[in-house]
Amino acid sequence: MSGKLYGVGLGPGDPSLMTVRAVEVIAEADVIAYHSARHGRSIARSIAARHLTERHIEEPLVYPVTTETTDHPGGYRGAIDDFYAEAAERLAAHLDAGRTVAVLAEGDPLFYGSYMHMHKRLADRYDTEVIPGVTSVSAAAARLGTPLAEGEEVLTILPGTLPEEELAARLAATDAAVVMKLGRTFTKVRGALESSGRLAEARYVERATMSGERLAELADVTPESVPYFAVAVLPSQVDAEPPVRELGEVVVVGTGPAGPLWLTPETRGALAAADDLVGYTTYLDRVPVRPGQLRHGSDNRVEAERAEFALQLARRGRRVAVVSGGDPGVFAMATAVLEAASEQEYADIPVRVLPGVTAANAAAARAGAPLGHDYATISLSDRLKPWGVIAERLHAAAAADLVLALYNPGSRSRTWQVGKARELLLEHRAPDTPVVVARDVGGSDERVRIVRLADLDPAEVDMRTILLVGSSQTRTVRRGNGEEIVWTPRRYPEPGV
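Computed from a prediction, not measured in an experiment: that's the story for all the values here.

Concerning the pattern of salt bridges
Right, so step 1: Following the criterion strictly, the structure yields 29 salt bridges and no others.
Right, so step 2: The residue E129 makes a salt bridge to K4 at a minimum N-O spacing of 3.2 Å. Of the two residues, E129 sits in strand β5 (residues 128-131) while K4 sits in the segment before β1 (5-9), which places them 125 residues apart along the sequence.
Right, so step 3: Close ionic contact of R439 with D462 constitutes a salt bridge, the shortest N to O distance being 3.0 Å. Of this pair, R439 sits in strand β19 (residues 434-439) while D462 sits in the loop between β20 (447-452) and β21 (465-469), placing them 23 residues apart in sequence.
Right, so step 4: R439 sits in the partly exposed class, given a relative accessible area of 24%.
Right, so step 5: A relative accessible area of 23% means that D462 is categorised as partly exposed.
Right, so step 6: One continuous salt-bridge network, built from bridges that share partners, spans K4, R21, E24, D127 and E129.

Written out as structure tokens, the structure reads:
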């Protein structure tokens, strides 16, 4: 009869933080296995040392390579894969002999641990049990004495081995975070914290609960002093005191066409970091409520007033996010904010614009690739420009055979523009020109259809709709699953061909 495999979590380092179950399993095991570098010292073994006896068979699993180079034909990955396979077979021999095998793991066995490589190779062949352990994340938070995540906050765990830009994006987008595996990655992690605007919040914990433990502000730590067993912590900000600023800033952000799935990491970070959110109430409702953050909702027709209000808040030291749908620079709030910020009284206030997914891009993606070649973007709203200008631009773009993205096509008070635009476009386009009619893309009422230009019904169009009108080259295809897609080739025929 085969023996049983245990993955035993030992906790973060202090032997007194081992669970009762971990101690029981070690006492009952025949074989105690643990990973180590070639120097032979094993932190896992040192944590469990007091529970090991002469009757235990010890099975050191010594890595052939850690940070140095290797002449293995498969490189570092090849050497490590071969090692894991060989180590698993050594443990399998014990299990086949009926022995109980306990593989020791610092922290938790299935949390960035070496045990998982044994588990993946053996758990389907032998009776297996994993004993969870206190992670270094929990230990670090406990030693800092501060909440790690509270209420609706999102906690993100990141390996410091990620590229710096990826780290910065994820750090900017989350509420709380822990970055593991520092050591040689520390300089990169510090750079990511700085570029994401989170360095001032970051704490440093080295060897939590172990001998040589150190706690510090991460900004004060020198790279040369950082070991592998260290983490960077961005703790909960629920009760954090807002910084005192003489002058704040305004960040104009785009939420995309709908909810959180359309937000960029940079925008998530700006929304999380803001003291105040300013915007059209419908768009503000897409942003999660955060403790201590003030929200200033208003009607959709007061862009100038909203922009000036945001700048006044920033002048009082507030960090303000002006929330816009789609991309803030496309028929949205960026223009209003920048226009107001150009006035002398607001000239010294920092203003940034962060891009968002546009309604045109979102609708195009749902339909296929109608914007695959040159296209023009035109608003059919005559609230801020006369219809004569709109008609002239429609004529010019249609005559140039551009695909058209038509924003603001209709509303309760504007019911005739779509019909007029259709008549005008039919002067230049064939009746069967494909038109994407996309409503509430990304929302609960999403509906995307492809119709012929001649069949476009103005009654089906409202302010939540965008129209994408194809060029002479745009094609529609019904694929094998019955789905109809529309696309515009990137090649355009030579004149006269």
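Concerning the sheet that holds strand β4 (residues 101-105)
Right, so step 1: The strand order β3-β2-β4-β1-β5 describes an open sheet built from 5 strands, whose pairing is parallel. Two strands close off the open sheet at either side, each with one partner strand: β3 (57-62) and β5. The sheet shows a mean angle of 20 degrees between the axes of neighbouring strands, taken without regard to direction.
Right, so step 2: Relative to β4, strand β2 (residues 31-36) runs parallel, the two sharing 3 bridges. Bridging across to β4, I32 finds its partner in A102.
Right, so step 3: The strands that helix α1 (residues 20-28) touches are β1, β2, β4 and β5; relative to β1, the one it contacts most, it runs at about 140 degrees.
Right, so step 4: Helix α3 (residues 75-96) rests against β1, β2, β3 and β4 of the sheet, and its axis sits at about 170 degrees to β3.

Re the sheet that holds strand β16 (residues 368-369)
Right, so step 1: Spatial strand order, β16-β23-β22: 3 strands in an open sheet with mixed pairing. Sheet topology places β16 and β22 (475-478) at the edges, where each strand pairs with a single neighbour.

Calculation rules
- Residues numbered from 1 in each chain as written.
- Predicted model: local features only at pLDDT ≥ 70, side-chain atom pairs only at ≥ 80, totals over all residues.
- Heavy atoms only, no water.
- Salt bridge = Lys/Arg side-chain N within 4 Å of Asp/Glu carboxyl O.
- Helix = DSSP H or I, 4+ residues; strand = E, 2+ residues; numbered from the N terminus.
- Buried < 20%, exposed > 50% of the residue type's maximum accessible area, 1.4 Å probe, protein only.
- Pairing = 2+ DSSP bridges.
- Axes fitted to C-alpha atoms, helices over the stretch in contact; angles between N-to-C directions.
- Contact = heavy atoms within 4.5 Å.

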